[in-house]
Amino acid sequence: MGGFFEAVLSFPTVVLTPLLIVVIGYWLVVVVGGADPEGDGVGEGGFLGFLGLAGVPVSVVLSLLIVFAWFATLAGAELLGAVPGALVLAAAVVLAWIVTRLAVLLIKRFLPAGTEPSRADFVGLTCVVRTGKVTRTFGQAEVHSPDGSSAIVQVRQAGNDDLRAGTEALLYDVDPDGDFFWIIPADIAKS
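Owing to the predicted nature of the structure, the values given are computational and were not obtained by experimental measurement. (Residues numbered from 1 in each chain as written. Predicted model: local features only at pLDDT ≥ 70, side-chain atom pairs only at ≥ 80, totals over all residues. Heavy atoms only, no water.)

Draft legend 1. Geometry of the pattern of salt bridges. Scanning all chains against the criterion turns up two salt bridges. For Glu 142, the salt bridge identified is with Arg 130, shortest N-O distance 2.7 Å. Linking Glu 142 in strand S2 (residues 140–144) with Arg 130 in the loop between strand S1 (126–129) and S2, this pair joins segments that are 12 residues apart in sequence. The exposure class assigned to Glu 142 is buried, which follows from its relative accessible area of 17%. Overall, Arg 130 belongs to the partly exposed group, its relative accessible area being 45%. A salt bridge links Asp 162 to Arg 164, with the shortest nitrogen-to-oxygen separation between them at 2.9 Å. (Salt bridge = Lys/Arg side-chain N within 4 Å of Asp/Glu carboxyl O. Helix = DSSP H or I, 4+ residues; strand = E, 2+ residues; numbered from the N terminus. Buried < 20%, exposed > 50% of the residue type's maximum accessible area, 1.4 Å probe, protein only.)

Draft legend 2. Expanded view of helix H5 (residues 85–110). Taking 1.5 Å of rise per residue, 26 residues should cover 38 Å, and H5 covers 37 Å from first to last C-alpha, within 8% of that figure. Buried within H5 are the following residues: Gly 85, Val 88, Leu 89, Ala 92, Ala 96, Thr 100, Ala 103 and Val 104. Taken together, the buried residues of H5 touch helix H2 (13–31) and helix H4 (58–79). (Expected span 1.5 Å × (residues − 1). Contact = heavy atoms within 4.5 Å.)

Draft legend 3. Local environment of H2. Across its 19 residues, H2 extends 26 Å between first and last C-alpha, which sits within 8% of the 27 Å expected from 1.5 Å per residue. Turning to H2, its buried residues are Thr 13, Leu 16, Thr 17, Leu 20, Val 23 and Val 30. A positive backbone phi angle near 90° is found at Gly 33, which sits one or two residues after H2.

Draft legend 4. Representation of the packing of H4 against H5 within the structure. Contact geometry for H4 and H5: axes closest at 8 Å, N-to-C directions at 140°. Viewed along their axes, H4 and H5 adopt a mutual orientation that is oblique. Crossing geometry of H4 relative to H5 is assigned as right-handed. Within the contact between the two elements, H4 uses Val 60, Val 61, Leu 64, Leu 65, Phe 68, Ala 69, Ala 72, Thr 73, Gly 76 and Ala 77 and H5 uses Val 88, Leu 89, Ala 92, Leu 95, Ala 96, Trp 97, Val 99, Thr 100, Ala 103, Val 104 and Ile 107. Here the residues of the contact of H4 with H5 sort into 18 nonpolar, three polar and no charged. (Axes fitted to C-alpha atoms, helices over the stretch in contact; angles between N-to-C directions. Parallel < 35°, antiparallel > 145°, perpendicular 65-115°, else oblique. Left-handed = near helix turned anticlockwise from the far one by under 90°. Nonpolar A, V, L, I, M, F, W, Y, C, P; charged D, E, K, R; others polar.)

Here you go:
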């Protein structure tokens, strides 16, 4: 085991060892719930975009770069003992970038595309009342989203319109606390 620690604490691996310790510490904090790996945002452009590493959370990209570069310097220093350490370090960084770029391309294939749907997406759509009537405290309606799916949602009205089963109405607002939509008759909305 002494040979491992000697290799880790010798040049060029020693340059990346503190960064590897930070990466391990960060992911331990993530595992126990102390940090959000997506909290730093997804690298879209800028430097990561220039390097071809955009589209994955920045913490993941940096962690992969550091781990791959550290391992490459460790292996390179041991296998290529006669090669100068600075050259091994430079080659390790380039190799880490190539492997990280391939990993990012693979990871992006499994990440969801676009934003997650929410109830607010229904606001502005028409619906058909499905209960006998809609009051300030009761009612349900069927709404069809642009992708063709439908949902039965809880609805309420602020006024005293005659909203009965089969009536077409407009969802004009959502109440997240009450988990329902406010509606008005579609003919009023059109005028």
